[in-house]
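Understanding the architecture of this molecule
Listed below are the residues making up each chain.
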Amino acid sequence: MPTPTAGDAAAAAQARANKFPEKKGGPTPRRRDQVAARRQPLVQADRKAARKAQRQALADERAKTRRAMETGDERHMPVRDRGPQKRFVREFIDARYGIGEWLLILMVVFLFVSLLLGDQVMASLGLALYGLILAVIVESFWVARRAKRLAAAKFGPENVEKGLGFYAAMRSMQLRRLRLPKPMNGRGEYPA
């Protein structure tokens, strides 16, 4: 008959430990004690301090979100900007040149020029401005369709998120420097 070794004894002790659950080390707390421990007053005793703490917490959260929008950290971004599809659309929009991003600048220029020029010139510039707005609308529809089509090709047509086209169109009408989340790729660097 073989003699038991130290390894066999340790294996047997381990098997016994796995068979029975570990003791919890104390009695189960009563429900009323647990409820009383979680209870908090509806109105804090020091309302001024509570309001100050709440403001500070909100400011910290906003700062964290702002930092995430500038660095591309998706954990702290708003829900509307999270996910691989939104990142794909952002990279697609940021890689291209578009008319929509110049609309705001041209509108401001038109406003200042309208103060300086006569009525005849302003009428023709007004028509040109309407033409520009029409071009931006057409471009927005094109960008939305193209972004949805590319996302469907990459992620599958059944997995495309709702609102992806609108997200692409709105981003394409923002100045590149003012876009949030900040562009992480250069012009011409289209996503794979």
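It should be noted that the structure appears before, not after, this text.
Residues numbered from 1 in each chain as written. Predicted model: local features only at pLDDT ≥ 70, side-chain atom pairs only at ≥ 80, totals over all residues. Heavy atoms only, no water.

**Looking at the overall build of the protein chain**
Summing up its helical and strand segments, the protein chain has seven helices and zero strands in all. Helices and strands appear in the protein chain in the N-to-C order α-α-α-α-α-α-α. For a compact globule of 192 residues, the expected C-alpha radius of gyration is about 16 Å, and the protein chain comes in at 31 Å, more than 25% above that figure. Dimensions of the protein chain, computed from the C-alpha atoms along their principal axes, are close to 110 × 60 × 25 Å. The 192 residues of the protein chain split such that 23% are buried. A sequence separation of at least 24 residues applies to 68% of the contacts in the protein chain between residues at least 6 apart. A total accessible area of about 14700 Å² is found for the protein chain, and carbon and sulfur atoms account for 61% of it. Distance from the positive charge centre (37 side chains) to the negative charge centre (18 side chains) of the protein chain: 7 Å. (Helix = DSSP H or I, 4+ residues; strand = E, 2+ residues; numbered from the N terminus. Rg over C-alpha atoms; globule rule 2.2 N^0.38 Å. Buried < 20%, exposed > 50% of the residue type's maximum accessible area, 1.4 Å probe, protein only. Contact = heavy atoms within 4.5 Å. Areas by Shrake-Rupley, 256 points an atom, 1.4 Å probe, with all protein chains shown as cover. Lys, Arg positive; Asp, Glu negative; His and termini not counted. Charge placed at Lys NZ, Arg CZ, Asp CG, Glu CD.)

**Here we look at the packing of aromatic side chains**
What the rule picks out here adds up to two aromatic pairs. Between Phe88 and Phe155 the ring centres are 5.9 Å apart and the planes differ by 85 degrees, which places this aromatic pair in the edge-to-face class. Separated by 67 residues along the polypeptide, Phe88 in helix 4 (residues 84-95) and Phe155 in helix 6 (residues 119-155) bring together distant segments of the chain. Of the residues examined, Phe155 reaches a relative accessible area of 22% and is grouped as partly exposed. The aromatic ring of Tyr167 is capped on one face by Lys86, whose charged end is 5.0 Å from the ring centroid. (Phe/Tyr/Trp six-rings, centres within 6.5 Å; stacked < 30°, edge-to-face > 60°. Lys NZ or Arg CZ within 6 Å of the ring centre and 35° of its normal.)

**Regarding a nonpolar patch on the surface**
A cluster of nonpolar side chains, contributed by Leu104, Val108, Phe112, Leu115, Leu116, Leu117, Val121 and Leu125, occupies part of the molecular surface with about 770 Å² of accessible area. Going through the elements one at a time, helix 5 (103-116) and helix 6 are the ones with two or more residues in the nonpolar patch. The element best represented in the nonpolar patch is helix 5, accounting for five residues. For Leu115, the position within the fold is in helix 5. You can call Leu115 exposed: its relative accessible area is 66%. (Patch = residues over 30% accessible without salt bridge, like charges linked within 9 Å, V, L, I, M, F, W, Y side chains within 5 Å. Salt bridge = Lys/Arg side-chain N within 4 Å of Asp/Glu carboxyl O.)

**A look at a positive patch on the surface**
Judged by side-chain charge, Arg47, Lys48, Arg51 and Arg55 come together as a positively charged surface patch. For Arg51, the position within the fold is in helix 3 (residues 47-71). According to the relative accessible area criterion, Arg51 is partly exposed, its value standing at 44%.

**So, the side chain of Arg171**
Relative to the helices and strands, Arg171 resides in helix 7 (residues 164-172). Residues within four places of Arg171 in sequence aside, it is in contact with Arg90, Ile93, Asp94, Arg179, Leu180, Pro181, Lys182 and Pro183.

The quantities given are spatial measurements derived from coordinates; they are silent on function.
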